[in-house]
Amino acid sequence: MDFTPHTPEEVQAMLAELGLSDLRQLFADLPQEILEPQLRLPEPLGEQEALSLLRSLAAKNASAEKSFLGGAVRPHFIPSVVPALMSRGEFLTAYTPYQPEVSQGVLQAIFEYQTMIAELTGLDVSNASLYDGASALAEGVLLALRQTRRMAVVVSQGVHPEYRQVLATYLHAVGAELRTIELAGGLTAPAEFDETVGAVVLQNPNFLGAIENPSSWIAAAHASGALVVYVTDPLSLALLKPPGAWGADVAVGDGQPLGNPMNFGGPQFGYIAVRDKLLRQLPGRLVSETRDVDGRRGYVLALAAREQHIRRAKAKSNITTNSQLSALMAAVYLAALGPQGLADVAAAAVAKAHALAAQLASLPGLELVTPRPFFNEFTLRLPAPAAVVRAQLAKRGLQAATPVPEEYGDNLALFSATERHSDDDLRSLLDGIKEVLA
Amino acid sequence: MKGDFPTLFERSRSGRRGTRPPSVGDVDLAAMLGADNMRSEPARLPELDELSVVRHYTNLSRRQVGVDTSFYPLGSCTMKYNPRASEAAAALFTELHPYQDPESVQGALQIIYELQEYLAEITGMDAVTLQPAAGAHGELTGMMLIRAYHESRGEGEQRRVVLVPDSAHGSNPASSMMAGFVVREIPSGADGEVDLNELRAALGPEVAAIMLTNPNTLGLFERKILELIDAAHQQGVQLYYDGANLNAIMGWARPGDMGFDVIHLNLHKTFSTPHGGGGPGSGPVGAKAHLAPFLPVPTVKREGERYLFDYDRPQTIGRMRSFYGNFGVMVRAYTYIRMLGAAGLKRSSALAVLNANYLRKKLKDAGYIIPHDRLCKHEFVAQPPAGLHALDVAKALLDYGYHPPTIYFPLIVKEALMIEPTETESQETLDEYVTVMAEIARRGQEDPDWISHTPYSTPVRRLDEVSANRHPRLRWKPEE
C-alpha cells in the first residue's frame, strides 16, 4: 500500500498536462545505466498485516516498565495528558516554525519550555532543545572553547561514559585535547587547571550516583579562566541546588526523565542552558517574545545569525532539526505536575532508591560502592560480572543491574528506582537477586 | 495587552495542583541528600489544574498549522502525510530500556538490523548506522567517516578542503566545519547544475570530499553525475550524498550506483516520520565498504537467529550519540517501508515528481517565473511575477490557509519560492493552490499595499523580528 491519492485517470491527466504519457518519462534525465534498480525489499503489507507484524516483533521484547537499570534513562510515570496533548496533529506534523504567524502554538510552547529549563537550572537562557544529553554535552563544551578561545578540556570520570565517548568524537574532529580526571572513592578528585583549559566538565549526581560538592572544581576552573559545563539529570533539580547556584556557566543533560518514554534510548531530548554572557555562542533554535504590527504579543525564532541556514560554515553549530516534540512533552509534564508535583516525584524516587539500596546492600556479597549522599541511582559491587547477573535476572522477568564499564572497577552494576516502583516491585528484585546469586 | 494569549505562567495560581504523584509519606530528604546540596527554594514552575493544562495546549495547537491541517509545500522538507499506523507501531516499543539484557530486546534489535539492511538496499550502500539523531547529525557523522578514511591512508593532514556547491543546504558547510574541514564553494552553472569545468578545476590533492544533493536544491537532477563522480574519484576525492532530497528517486536510482561513497538520510522526510515542530528526527548514514570500518559503534549484527550489538570496529570514529539513536523514529520508518515495499516506494517517488512537475507547469501558466524550466524532480524553484516579493507571497498564502513554500533558498535564485508538494497531495489540492497563487499574484500587483501587509487573518500578524533580535526576551518574567 501507499498513501497517494492519485487515481489512474488523474495520473494520466496530469501526465498529459506535461505532454507525457508514462511516469517513466519523468526520469528520462537520469543516466540510463543506473535507472530502475530492482530493490530487494519484503513484499508490501496492508496496515492490519503491518501492525500484526510489529506486534509480533514487540512480543520478542520484555517490558522494562519496572526496570531498575538507570544510567540516564529511567521508567518514570508519564501522566496521560502528556501523550494526549502531544499527539495532536498540529504539534506532531508541523515543521520547524519558520512562519511565525501560523506557528504560534509551537513557538509559545518552546518559549515556555525555555523558561522552565532556565528556572530548573538556575541559569539565564535555555535553547529550544538538542538531540540528547551526550550531544548536548559536546555542544556545551564546543561553546565554552569558542568563548575562551582555548583548546583543552578536562572532564571528570564521573560523567556518563557514553557522554564522554561522544564528546571525544566531537573534540577529535576539531583537534581539541581531552583530559580525564579519575574518580577517587566514587567522587571527582580535586584538580587544578592550566591556562590552556577552556572547559571543565563534571556531572552531578555523577555516573555512579553520588551527589558531588562541585564548589572546589568550579572555583579552580574559574580561577584559571575556564568555563564550567555541568551535566545533570533535570529531575534531580527539583530537590538539588541548581547548576547556576553552584556557579556553573553551562548546564546540559538528558530530558528523558521529564515526561518522555524510555524508547530504548531514543528519542529523548538534550537540554542546554547558559549564562547571558554566552548567549551569542549558544547553538540551536531560540524563541523570543515580540509584538506583531497590531501590538499583540507573539513569538519568533530569534538570533538566527548563529545558525547554519544563515551563517553556513561560520555557524555556531550545524544543528537544524533538534528534538522539539520530546522537549515539549517535558514542558507539558512540568505544567501538569507543577513545582510541588515535581518535587514529590523526585522525593519518591529518592526514597525508593534509598530503600532499595539498603535492602540490596544487606545481602551477603553485595557492596554499596557509591558514597552517600546519592540521589536515585547507585552502584553495587556484585560477586559476579554484572552482565551475567543482568541476564539471569532478565530470565526471571526482572530488568536490573546495568553493567558499569571496567574503568570504574570490576563487577560493578548500576541500579535505580523511581516513583513507579511499588514495595512489591522492590521485594521481587530482592528475591530475584537472592536466587541468582544463590 | 488585552487579547494576548496567556502563558502558562500567567495562568498559574499559587497552591493549585495538577497530577498528584503517589505519596511516600514523610521522608527526611535532608538526611538522604545532604542539607547543603538541597535547593533553597523551589523552581518557579507554573501551578495549574489539569483542565487548565489541557485547554492551554489544545488552544495553542489551534494557533499552529501542520500537514494534518493544511497543504505544506515547504521545499527540501518533504512534508508528506505521516501515517498513523507508524505512530501505533512506535507505541508498542516505548517501554524498553537501552541497557536491558540484549536477549530481552531481540524484537527491537531485529528492527534495527532489518532497517539497516533496507536502507542499504534503497540507497545502494554496503553498511548503515542508525545512530545519528537528525540529518545534520548524519552529515557530521558522514564527514567524520571521510576524515578518518583519509587519515587511515596518511592523507589526513593533506586533504582538508570540502567542496560544496553554492546551492547546497546550509547544514553542509556547517557540518564540514564541525568535522574539521575548510569549505570551498563551487559555483553552479547557468543550467542550475554543478559546472563540471569549475569542479574539475577545483579538484586537487588538498580536497577531501564533495558534498552534493541529487536532485539538487533547485529540484534538478545533476545529469553529468557519473562523469562528475568519476573525475573526483580519480583525484582520490570522496563523494558525500545529502539525502534530504531522496524522496525524488526511491526505486528509480540509487546514490550508491551513481558512485557516492557516503550518504545520510532523513527518516523524518523521506520515510514519513513526523517532524514534531522541529524533531525528533533520525539521520542514518550509509557507507560503501571502504568507509564501513569507520562507522560509529555500536551497529547491530545477526548471528543465526540472534541479533547482537557489534562494537568490534577498531577504526571507528567513536560514538555520535548516547545509546543507539532515535529508535522510536526507526520503528515508524520500518513500518512505513514494510507497508509500501519496493513498489510503493517507487510509486511514491514517481508521484512526488509528477506533482512537482504538474505544479511547476500550472504555476508558470499562472504567471510565475520558473528560472530553470525543465523536467524537475520532487521540488522546483519559482519566482513571483514582476514587482512581487517572495516574502509577501508567502505571507499572503497564510490568509488563504496554506503553509508557504521555503523562501529565499537556494541562495542562487533571487526571490526564490522553493516548492515541494510531495506525493500525498491530490490533484485538486494542487489545482486549488494554483488558483490561490494566481489570485495572490493578480491582487498583489494591483494592490501592493494589500500584499505588503498580509496576513490579516492569522492568530498574530507580521511580527517584529528586528526588536526580537536586538532585545531578545527568551524567557517569561513577571511584569515589573
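Thresholds applied
- Residues numbered from 1 in each chain as written.
- Chains lettered and ligands numbered in written order.
- Predicted model: local features only at pLDDT ≥ 70, side-chain atom pairs only at ≥ 80, totals over all residues.
- Pairing = 2+ DSSP bridges.
- Helix = DSSP H or I, 4+ residues; strand = E, 2+ residues; numbered from the N terminus.
- Contact = placed C-beta atoms within 7 Å.
- Axes fitted to C-alpha atoms, helices over the stretch in contact; angles between N-to-C directions.
- Domains from an automatic or database assignment.
- Nonpolar A, V, L, I, M, F, W, Y, C, P; charged D, E, K, R; others polar.
- Core = buried A, V, L, I, M, F, W, Y, C linked by C-beta atoms within 7 Å.
- Buried ≥ 20, exposed ≤ 12 C-beta atoms within 10 Å, placed from the backbone.

Asks: What exactly am I supposed to notice about the sheet that holds strand 13 (residues 377-381) of chain A here?
Replies: Backbone hydrogen bonds hold the strands of a sheet together, and the pairing may be parallel or antiparallel. Residue and element names in this part refer to chain A. Spatial ordering of the open sheet is given by 12-13-15-14, a layout of four strands whose pairing is antiparallel. In this open sheet, the two edge strands, each paired with only one partner strand, are strand 12 (367-368) and strand 14 (402-403). Sheet topology places strand 12 next to strand 13; two bridges connect them, and they run antiparallel. Counterpart to Leu368 in the pairing with strand 13 is Leu380. In the packing of helix 11 (residues 324-361) onto the sheet, the strands contacted are strand 12, strand 13 and strand 15 (412-416), and the crossing angle to strand 13 comes to about 5 degrees.

Asks: Help me understand the sheet that holds strand 2 (residues 161-165) of chain B in this model?
Replies: Residue and element names in this part refer to chain B. One open sheet holds the seven strands; their spatial order is 1-7-6-5-4-2-3, and the pairing between them is mixed. Strands at the two margins of the open sheet, each flanked by one partner only, are strand 1 (127-129) and strand 3 (182-186). This sheet shows a mean twist of 20 degrees between the axes of neighbouring strands, independent of strand direction. Pairing of strand 6 (residues 262-264) with strand 7 (residues 285-287) involves three bridges; the strand directions are antiparallel. Bridged to Ile263 within strand 7 is Gly286.

Asks: How should the domain arrangement of chain A be read in this particular structure?
Replies: Size of an interface: often given as the accessible area lost when the parts come together. Residue and element names in this part refer to chain A. Once the domains are mapped, chain A shows domain 1 (81-331) and domain 2 (338-437). Each of domain 1 and domain 2 has a C-alpha centre, and these two points are 28 Å apart. With 13 residues of domain 1 at the contact, the number on the domain 2 side is 16 residues. Among the residues making up the side of domain 1 that touches domain 2, the classes are represented as nine nonpolar, four polar and no charged.

Asks: Explain the nonpolar core here, please?
Replies: Side chains that are nonpolar tend, in soluble globular proteins, to be buried together. Residues and elements named next belong to chain A. Ranked by internal contacts, the top residues of the largest apolar core, which has 310 residues, are Leu137, Val250 and Val332. Per-element accounting of this core gives the leading share, 24 residues, to helix 11. When neighbours within four sequence positions are excluded, Leu137 is seen to be in contact with Tyr163, Val166, Leu167, Val201, Val229, Val231 and Val252.

Asks: Looking at this structure, how should I read the pairing of strand 9 (residues 270-274) of chain A?
Replies: For a regular strand, side chains alternate in direction, first toward one face of the sheet and then toward the other. All names here are of chain A. Most of strand 9 sits out of view: five of its five residues are buried. Where burial is concerned, the two faces of strand 9 agree: the one with Gly270, Ile272 and Val274 and the one with Tyr271 and Ala273 are both buried. For strand 1 (residues 125-126) and strand 9, the ladder comprises two bridges, and the chain directions are antiparallel. Bridge pairing links Ser126 to Ala273 in strand 9. Looking at chain direction, strand 8 (residues 250-254) and strand 9 are connected through five bridges and run antiparallel. Within the sheet, the bridge partner assigned to Val250 lies in strand 9 and is Val274.

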